[in-house]
Amino acid sequence: MAFNGTWKVDRSENYDKFMEKMGVNLGKRKLAAHDNLKLTITQEGNKFTVKESSTFRNIEVVFELGVTFNYNLADGTELSGTWSLEGNKLVGKFKRTDNGNELNTVREIIGDELVQTYVYEGVEAKRIFKKD
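Residue positions within a chain follow its written sequence, with the count starting from 1. For a predicted model such as this one, the threshold for reporting local features is a pLDDT of at least 70, and the threshold for listing and counting side-chain atom pairs is 80 or more; totals across whole chains, interfaces and linings nevertheless cover every residue. Side-chain measures were taken over the full set of non-hydrogen atoms in the model, leaving aside hydrogen atoms and water.

- You'll find the protein chain entered in an unreviewed UniProt entry as Fatty acid-binding protein, intestinal, with Macaca nemestrina given as the organism.
- Quoted verbatim from the Subcellular location (unreviewed entry) field of UniProt, the annotation for the protein chain is "Cytoplasm".
- UniProt positions are given in the numbering used here, feature names are shortened, and annotations may be inferred rather than shown by experiment. Quoted verbatim from the Sequence similarities (unreviewed entry) heading of the UniProt record, the comment on the protein chain is "Belongs to the calycin superfamily. Fatty-acid binding protein (FABP) family."

Right under this line is the structure:
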């Protein structure tokens, strides 16, 4: 699958505004802007393993397409939701457990980049990754 591999964040678009809307404080937003996030993605059928490595944490997330699971963001925000494959896009539909608000995420390969788009309460942000 096209998502397989190690991806290092190259740049972000509107990420600070997105984090602000999510309720992340200024100090954490400043740190997150330089988190050096690296994703290592492995797909085996409908099962994905995503290893996240950053300045803040190193975690491994395992999920199956269409199966609800829980996930904590780096700032501690708890989410519950699913990933699905829609064409060539990984589409994540999550809800915050603290307020029920939706956080939607799309991962797609555009050219030689992995583009991860987030939408929360009308604010859209992108993080663009290059293969490492």
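1. Section: the pattern of salt bridges
Here comes step 1: By salt bridge we mean one thing: a side-chain nitrogen of Lys or Arg within 4 Å of a carboxyl oxygen of Asp or Glu. Enumeration according to the criterion identifies 11 salt bridges in this entry.
Here comes step 2: Notably, a salt bridge pairs Arg11 with Asp10, separated by 2.8 Å at the nearest N-O pair.
Here comes step 3: Across the pair Arg57 and Glu52 runs a salt bridge, and its minimum N-O distance is 3.3 Å.
Here comes step 4: Any residue under 20% of the maximum accessible area for its type is buried, any over 50% is exposed, and the rest in between are partly exposed; the area is computed with a 1.4 Å probe on protein chains only. When its relative accessible area of 19% is taken as the criterion, Arg57 is described as buried.

2. Points about the nonpolar core
Here comes step 1: Side-chain atoms within 4.5 Å link the members of a nonpolar core, which is a set of buried Ala, Val, Leu, Ile, Met, Phe, Trp, Tyr and Cys residues. Within the largest apolar cluster, 30 residues are counted, with the highest numbers of intra-cluster contacts made by Phe18, Ile41 and Phe63.
Here comes step 2: Counting residues per element, this core draws most heavily on helix α1 (residues 15-22), which supplies four residues.
Here comes step 3: Dropping the residues within four chain positions of it, Ile41 is found in contact with Phe3, Asn4, Gly5, Trp7, Phe48, Thr49, Val50 and Leu114. By definition, any uninterrupted DSSP run of H or I lasting at least four residues is a helix, any uninterrupted run of E lasting at least two residues is a strand, and each is numbered from the N terminus. Residues count as neighbours in contact if any of their non-hydrogen atoms are within 4.5 Å of one another.

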